[in-house]
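Chain by chain, the residues run as shown.
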Amino acid sequence: MIHNHAVRMSCFIRRVRAQHWAQCARSMATQSRPSMAILDDYLDIAKPHFSHIPESELSITAFHDSLPPFNHPQTSASDRQAIVDRLKSFTIISSMRERTPFPGDLLRQLPNLKLLLATGTQFETFDIATATDLGISVAAAPGRGRTDGKPSPVPRPVRPRLDIRKGGSHPTTQHAWALILALARNVAFDDAAMKGPERRWQSGLALGLTGATLGVVGLGRLGAAVARIGTLAWGMRVLCWSENLTQERADRKAEEVGLPAYGGDPVDPDAPTFKAVSKEELFSAADVVSLHYVLSERSRSLVGAEELAQMKPSALLVNTSRGPLIDDRALHEALESGRIGGAALDVFDVEPLPDDSPWRSTTWGTQGRSKVIITPHMGYVEDGIMHTWYEETAENLERWLRSETLLHRLN
């Protein structure tokens, strides 16, 4: 009987040990399985691009909201801690452009992070040097598409990739002109007036653009594309300014987008097509000012009270670049007092725009206020580029899981 009891105890101990080691194995498997956070996926479009990766290889969590920027002066200590708490368990983070900044102070609090997959081409808010020091690989998705020829899991129309001289342009170029036209032609205001309780008809006179002056702040790829359309579509006179812009560079930009360096001015055939001028001349002479400048500490508040005071009372200001390029308070005061004709803003100092932001007011364009159009940073939110970015991100993720060399590395 004692012998039978010993046998039962031995079997029981073996079962307990087996269960213990099975639990340990599951725990080790869970710990060894990488996890990925997809950030700022507001429209819930990312997951189909990663659905082919087995859950046994990768755990994926998509976030459809956004936390405030970690390093913004208005972000509280509790909000910064909430960002750390959300991200600290993940091995991989897929970010959407610069919606979520990654300064060194944040990266140092993410001990599990091994791979940061970025989208777009500008990463001024990413501390690449600190990521390198911490052993975090950072790779981009520049929007060229997968290199291995795999088809997209999201069907969409196939369109040719056009040279800018043949009509091709960045989505932000289209959005900039959508805002310029919507503001100049009273599109949003007439739409609201006709649908409102008063069922009004015609909210006011439109601003004609033919032969008007377009001021382009920042004559890079996007600025030059916007300037080209103004020249060809409306015969606009184009004035350009940036900190180091020379007339020689402006001439070269005109030629790069398929325009003659001289002869594009609607009034003076001997004038440059893209005329480099001083900042003061641009703001005082332009009927429409469109911003296409890279944000840095030097360019922060590039447009302030002084520049706004120089603008014509009828002039329009359009920003599809970065919110902090404009002094937010100075612009609000100028528009509240009706100092300029109006503004169209696709970008803001804090994004997403807080619910209580004064920019969300419905009183713009009334009682002497300037007209204001706002859009939720839609300059790049287009089906083609968004899905292409996620396709490229998926390819790099696959390569990382197979321990292969990453594409488009930033460090």
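Reference entry: report on the structure contained in this document. A quick note: this is a predicted structure, and the numbers were derived from the prediction, not measured. (Residues numbered from 1 in each chain as written. Predicted model: local features only at pLDDT ≥ 70, side-chain atom pairs only at ≥ 80, totals over all residues. Heavy atoms only, no water.)

### Notes on the nonpolar core
Phase 1: The biggest cluster of nonpolar side chains holds 31 residues, and the ones touching the most others in it are Val217, Val289, Leu317 and Trp359.
Phase 2: Those elements giving two or more residues to this core turn out to be β7 (237-241), α9 (279-285), β9 (288-291), α11 (328-336) and β11 (342-345).
Phase 3: No other element matches the four residues that α11 contributes to this core.
Phase 4: Setting aside its immediate chain neighbours within four residues, Val289 contacts Gly215, Val217, Leu282, Phe283, Met311, Leu316, Leu317 and Val318. (Core = buried A, V, L, I, M, F, W, Y, C linked by side-chain atoms within 4.5 Å. Buried < 20%, exposed > 50% of the residue type's maximum accessible area, 1.4 Å probe, protein only. Helix = DSSP H or I, 4+ residues; strand = E, 2+ residues; numbered from the N terminus. Contact = heavy atoms within 4.5 Å.)

### Concerning the side chain of Asn186
Phase 1: Within the element layout of this structure, Asn186 appears in the loop between α5 (171-184) and α6 (187-195).
Phase 2: A distance of 3.1 Å separates a polar side-chain atom of Asn186 from the backbone oxygen of Leu205.
Phase 3: Aside from chain neighbours lying at most four places away, what touches Asn186 is Leu181, Ser203, Gly204, Leu205, Ala206 and Lys371. (Polar contact = N/O pair within 3.5 Å; in protein donor to acceptor, adjacent residues only side chain to side chain.)

### A look at the environment of Glu392
Phase 1: For Glu392, the location among the structural elements is in helix α12 (residues 383-401).
Phase 2: The class for Glu392 is buried, based on a relative accessible area of 3%.
Phase 3: Beyond its immediate stretch of four places on either side in the chain, Glu392 contacts Ala141, Pro142, Gly143, Arg144, Gly145 and Arg146.

### Observations regarding the environment of Leu113
Phase 1: Within the fold, Leu113 resides in the loop between α3 (104-107) and β4 (115-117).
Phase 2: Put simply, Leu113 and Arg156 are 43 residues apart on the chain and 33 Å apart in space, counted from C-alpha to C-alpha.
Phase 3: Beyond its immediate sequence surroundings of up to four residues, Leu113 is in contact with Phe90, Thr91, Ile92, Ile93, Leu107 and Ile136.

### Things to note about the pattern of salt bridges
Phase 1: Counted by the stated rule, this structure contains 16 salt bridges.
Phase 2: In this structure, the salt-bridge partner of Arg86 is Asp65, at a minimum N-O distance of 2.9 Å. Within this pair, whereas Arg86 is found in helix α2 (residues 77-87), its partner Asp65 is found in the loop between β2 (59-62) and α2, the two being separated by 21 residues in sequence.
Phase 3: On the accessibility criterion, Arg86 (22% relative accessible area) is partly exposed.
Phase 4: The closest approach of N and O atoms between Lys312 and Asp287, which form a salt bridge, is 2.9 Å. On the criterion of sequence distance, the pair formed by Lys312 in the loop between α10 (305-310) and β10 (316-319) and Asp287 in the loop between α9 and β9 is long-range, its members being 25 residues apart.
Phase 5: The exposure class of Asp287 is buried, given its relative accessible area of 16%.
Phase 6: What emerges from the salt-bridge pattern is a single network uniting Arg146, Asp148, Lys150 and Glu398. (Salt bridge = Lys/Arg side-chain N within 4 Å of Asp/Glu carboxyl O.)

### Observations regarding the packing of α5 against helix α7 (residues 221-234)
Phase 1: Following both chains from N to C, one finds α5 and α7 inclined at 50 degrees, their axes separated by 9 Å at the closest point. Between α5 and α7, the angle is such that the two are oblique. Note that α5 runs across α7; the crossing there is right-handed. Every residue of α7 that contacts α5 at Thr172, Thr173, Ala176, Trp177 and Leu181 is listed here: Leu222, Ala225, Val226, Ile229, Gly230 and Trp234.
Phase 2: Looking at side-chain class alone, the contact of α5 with α7 contains eight nonpolar, three polar and no charged residues. (Axes fitted to C-alpha atoms, helices over the stretch in contact; angles between N-to-C directions. Parallel < 35°, antiparallel > 145°, perpendicular 65-115°, else oblique. Left-handed = near helix turned anticlockwise from the far one by under 90°. Nonpolar A, V, L, I, M, F, W, Y, C, P; charged D, E, K, R; others polar.)

### Focus on the sheet that holds strand β3 (residues 92-94)
Phase 1: The parallel open sheet is built from five strands, whose spatial order is β2-β1-β3-β4-β5. The open sheet is flanked by β2 and β5 (137-139), the only strands paired with a single partner. On average, adjacent strands in this sheet sit at an angle of 15 degrees to one another, irrespective of strand direction.
Phase 2: Where β3 lies against β4, three bridges are found, and the strand directions are parallel. Bridging from a neighbouring strand, Ile93 pairs with Leu116 of β4. (Pairing = 2+ DSSP bridges.)

### Observations concerning unusual backbone geometry
Phase 1: The amide bond that connects Glu351 to the next residue, Pro352, takes the cis arrangement and shows omega of -5 degrees.
Phase 2: Within the fold, Pro352 resides in the loop between β11 and β12 (371-374).
Phase 3: Phi is positive for Gln367, which is not a glycine, with a value near 50 degrees.

### Some thoughts on the sheet that holds β12
Phase 1: On the basis of which strands lie adjacent, the open sheet formed by seven strands has the order β8-β7-β6-β9-β10-β11-β12 and parallel pairing. Strand pairing shows two members of the sheet lacking a second neighbour, β8 (274-276) and β12, which therefore form its edges. Across the sheet, the axes of successive neighbouring strands diverge by a mean angle of 20 degrees, strand direction being ignored.
Phase 2: For β10 and β11, the ladder comprises four bridges, and the chain directions are parallel. Of the residues in β11, the one forming a bridge with Leu316 is Gly342.
Phase 3: In this fold α7 packs onto β6 (213-217), β7, β8 and β9, with an angle of close to 175 degrees to the strand it touches most, β6.

Structural measurements only, silent on function.
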